[in-house]
Amino acid sequence: MEDVNAHPNTQALLDAWRRLSLGATATVGGPTTEDYPDLVGRLFVLNHVGDRDYCFRRVGYAMERLFGRQLVEHNFLSLWSEPDRRLVSAALVVAASDRGPALIRARGETLTGRRVDLEFALAPLLGGEGVPRRFLGLCQSMTGEDLLHGRPLRRLQAIALYPPAPNLDPAIRLVSSR
């Protein structure tokens with residue numbers, strides 16, 4: 001993912017994902033959940049179970065409150081408007097194949113037309129040589145959820161998608177000698 005001005009919670013999640021994917025262990029004096037009290041309730045885990053089927057495995061309480069229902073065992077793509085499902089699915093496929101996080105900016109809307117801007121971070125959980133099947137996700141509100149007046153979101157609309165940053169390490173090195 002290119003440098004994007006992400007929410008501090010999103011940046012904290014992406015930084016933690018990078019440390020863990022590099023094999024780093026917890027460091028003394030590093031950030032803790034107390035530094036980001038609103039983050040844990042916004043986390044979720046997706047499991048890729050089939051073509052265009054990314055099932056919620058775990059969902060934080062703040063995200064379920066935002067959507068007004070339990071999301072475990074539901075398809076993540078079902079939250080999105082029909083035209084955006086292919087885009088979001090493609091972002092997940094690219095994140096898995098490139099083994100890097102993707103970011104999605106979205107707009108959520110209630111039945112009464114109230115809107116909130118959201119940011120989704122989707123980081124593949126790297127655990128082996130194959131293509132990752134699980135993702136750690138974050139649903140971060142960019143505008144105040146109080147604008148919704150307690151009404152749940154009924155659909156999401158993708159505004160911008162940021163795929164993982166390309167690997168800039170050259171695969172081939174050219175050496176010349178005289």
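Residues numbered from 1 in each chain as written. Predicted model: local features only at pLDDT ≥ 70, side-chain atom pairs only at ≥ 80, totals over all residues. Heavy atoms only, no water.

Caption draft 1: Spatial organisation of the overall build of the chain. If you tally the helices and strands in the chain, you get three helices and six strands. For the chain, the α and β elements follow one another from N to C terminus as α-β-β-α-α-β-β-β-β. By residue count, 40% of the 178 residues in the chain fall in the buried class. The long-range share in the chain, meaning contacts at least 24 apart out of those at least 6 apart in sequence, stands at 61%. (Helix = DSSP H or I, 4+ residues; strand = E, 2+ residues; numbered from the N terminus. Buried < 20%, exposed > 50% of the residue type's maximum accessible area, 1.4 Å probe, protein only. Contact = heavy atoms within 4.5 Å.)

Caption draft 2: Up close: the confidence of the model for the chain. Per-residue confidence for the chain gives a mean pLDDT of 85; residues scoring 70 or more make up 84%. For the chain, the element scoring lowest by mean pLDDT is helix 1 (residues 8-21), at 85; strand 2 (residues 53-59) scores highest, at 96. pLDDT under 50 marks residues 170-174. Its contacts with residues more than four places away, or in other chains, come to zero contacts. (pLDDT = per-residue confidence, 0-100.)

Caption draft 3: Focus on the environment of Arg58. Residue placement: Arg58 occurs in strand 2. In this structure, the C-alpha to C-alpha distance between Arg58 and Phe44, residues 14 residues apart in sequence, is 5.2 Å. When residues no more than four places from it in sequence are discounted, the contact partners of Arg58 are Leu43, Phe44 and Val45.

Caption draft 4: Geometry of the side chain of Arg42. By secondary structure assignment, the location of Arg42 is in the loop between helix 1 and strand 1 (43-50). Those residues in contact with Arg42 that lie beyond four places of it in its chain are Ala62, Met63, Gly137, Leu138, Cys139, Gln140, Ser141 and Glu145.

Caption draft 5: How the structure looks around the environment of Thr110. Topologically, Thr110 is positioned in strand 3 (residues 102-110). When the C-alpha atoms of Thr110 and Arg155 are compared, they prove to be 7.2 Å apart, with 45 residues separating the residues in sequence. Of note is the side chain of Thr110, whose polar atom sits 2.9 Å from the side chain of Thr112. (Polar contact = N/O pair within 3.5 Å; in protein donor to acceptor, adjacent residues only side chain to side chain.)

Caption draft 6: The arrangement of the nonpolar core in detail. Judged by nonpolar contacts, the single largest core of 31 residues is most densely connected at Phe44, Met63, Phe76, Trp80 and Phe120. Elements that contribute at least two residues to this core include exactly strand 1, strand 2, helix 2 (61-67), helix 3 (82-98), strand 3, strand 4 (115-124), strand 5 (134-141) and strand 6 (153-162). It is helix 3 that provides the largest number of residues to this core, a total of five residues. Leaving out residues up to four positions away in the same chain, Phe76 has contacts with Phe44, Leu46, Tyr54, Phe56, Val88, Leu92, Phe120 and Leu122. (Core = buried A, V, L, I, M, F, W, Y, C linked by side-chain atoms within 4.5 Å.)

Caption draft 7: The arrangement of the pairing of strand 3 in detail. Most of strand 3 is tucked away: eight of the nine residues are buried. Remark: four residues form the turn of the hairpin made by strand 3 and strand 4, two consecutive strands paired antiparallel; Gly113 in that turn has positive phi of roughly 90 degrees. With eight bridges connecting them, strand 3 and strand 6 associate as antiparallel partners. In the strand pairing of strand 6, Arg107 is matched with Gln157. (Pairing = 2+ DSSP bridges.)

Caption draft 8: Representation of the environment of Leu153 within the structure. Turning to its location among the elements, Leu153 is positioned in strand 6. Sequence separation between Leu153 and Arg69 is 84 residues, and the spatial gap between their C-alpha atoms is 9.8 Å.

Caption draft 9: Focus on the pattern of salt bridges. The tally for this structure, following the rule as stated, stands at ten salt bridges. The partner of Glu73 in a salt bridge is Arg57, with the nearest N and O atoms 2.6 Å apart. Highlighted residues: Glu73 in the loop between helix 2 and helix 3 and Arg57 in strand 2, separated in sequence by 16 residues. Its salt-bridge partner being Glu119, residue Arg105 comes within 2.7 Å of it at the nearest N-O pair. Residue Arg105 is located in strand 3, and its partner Glu119 is located in strand 4; the two are separated by 14 residues in the primary sequence. In this structure, Arg105 and Glu119 share a single accessibility class: buried. Within this structure, Glu109, Arg115, Arg154 and Arg155 form a network of salt bridges that share partners. (Salt bridge = Lys/Arg side-chain N within 4 Å of Asp/Glu carboxyl O.)

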